[in-house]
Amino acid sequence: MANERLRAAMAAGGWTYNALADKVEVDPKSVERWVNLGRTPRRATAMLAAETLGEDVHALWPSLRQARPARAVSPELVALYDQRADIPVSTFVDMLTQAREQIDVLVYAAVFLHEAYPRLNELLKERAAEGCAVRIAVGDADSTNVQQRGEEEKFGHGIQSRCRLALMHYRPLIGVPGIEVRTHATTLYNSIYRADDQALVNAHVWGVNAYKAPVWHLRRNGEDGMFDTYADSFGAVWATATPVREK
């Protein structure tokens, strides 16, 4: 059933699907589904959209008045690991090998991948040659947030050195068609390894090195689930990251 209240609010303010989508940072098709199919966005997105339109969020989406029942297990959760060190590197490699459309890696360093699987660059080149878009974002070693992370982990300058080492590992990929490498200076709440509709998300815990922190394996199951939350997070960081140029 169409959401006529939303349609009227958009019309009154002169909002198009594209304009509202751009404002609340979603795909225009999502806005179209909100209007024509009566879909309800995630609460945070709905609140931002309502604020943008000058409307009450519950007037636009009455279903948000009702608390959603908690689920014992998310349908997108494939596995939960106590710590990254429990996961064989082959799990990462197999997931990347299966990718056909998109590979995204968001880390500060994660040099363990190259150290445990020296063919990683070749694998990424092979995926790119088959039409897979590859995006790698590593930490800017000189950024305040990377330095702060080093202090929190009690590694001193260790993480800065690892960021530089990671960039050195990925530098041969710069200029390869279909592959882009960037550096980011964000506070990294999770490392994300995405391959098409699967992702391994490594939590960052204060004072704990990433290899000791939990990892959840996600598989996308419909719109606006956990997978999309982390995919959107990658996109937001990627938009702020700085492309690494060939020397």
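This structure is a prediction, so every number in the text was calculated from the model and none was measured.

Novice: Could you give an account of the pattern of salt bridges, naming the residues involved and the relevant values?
Specialist: For the structure on display, the rule yields 10 salt bridges. One salt bridge connects Arg164 with Asp142, and the closest N-O pair in it is separated by 2.8 Å. Of this pair, Arg164 sits in helix H10 (residues 158-170) while Asp142 sits in the loop between strand S3 (133-139) and helix H9 (144-153), and the two are 22 residues apart along the sequence. A residue is classified by how much of its surface remains accessible, and Arg164, at 44% relative accessible area, is partly exposed.

Novice: Describe the nonpolar core, and please don't skip the residues or the numbers.
Specialist: Counting residues in each nonpolar core, the largest one holds 35 residues, and the members touching the most others are Ile103, Leu124, Ile136, Tyr170 and Tyr193. Elements with a minimum of two residues in this core: helix H6 (89-98), strand S2 (102-106), helix H7 (112-116), helix H8 (120-129), S3, H10, strand S4 (179-184) and strand S5 (190-195). Beyond its immediate stretch of four places on either side in the chain, Ile136 contacts Val105, Leu124, Tyr170, Glu180, Val181, Arg182 and Trp238. Tyr108, Ala203, Phe227 and Phe234 belong to the second-largest nonpolar core, a separate cluster that totals 19 residues.

Novice: Could you give me a rundown of the sheet that holds strand S7 (residues 215-219), with the residues and numbers involved?
Specialist: Pairing is mixed across the open sheet formed by 8 strands, whose spatial order is S1-S7-S6-S5-S2-S3-S4-S8. Edge strands, defined here as strands with exactly one partner in the open sheet, are strand S1 (77-81) and strand S8 (242-243). Alignment of S2 against S5, held across 4 bridges, turns out to be antiparallel. Along S5, the bridge assignment pairs Leu106 with Ile192.

Here is what the cut-offs are and how they apply
- Residues numbered from 1 in each chain as written.
- Predicted model: local features only at pLDDT ≥ 70, side-chain atom pairs only at ≥ 80, totals over all residues.
- Heavy atoms only, no water.
- Salt bridge = Lys/Arg side-chain N within 4 Å of Asp/Glu carboxyl O.
- Helix = DSSP H or I, 4+ residues; strand = E, 2+ residues; numbered from the N terminus.
- Buried < 20%, exposed > 50% of the residue type's maximum accessible area, 1.4 Å probe, protein only.
- Core = buried A, V, L, I, M, F, W, Y, C linked by side-chain atoms within 4.5 Å.
- Contact = heavy atoms within 4.5 Å.
- Pairing = 2+ DSSP bridges.

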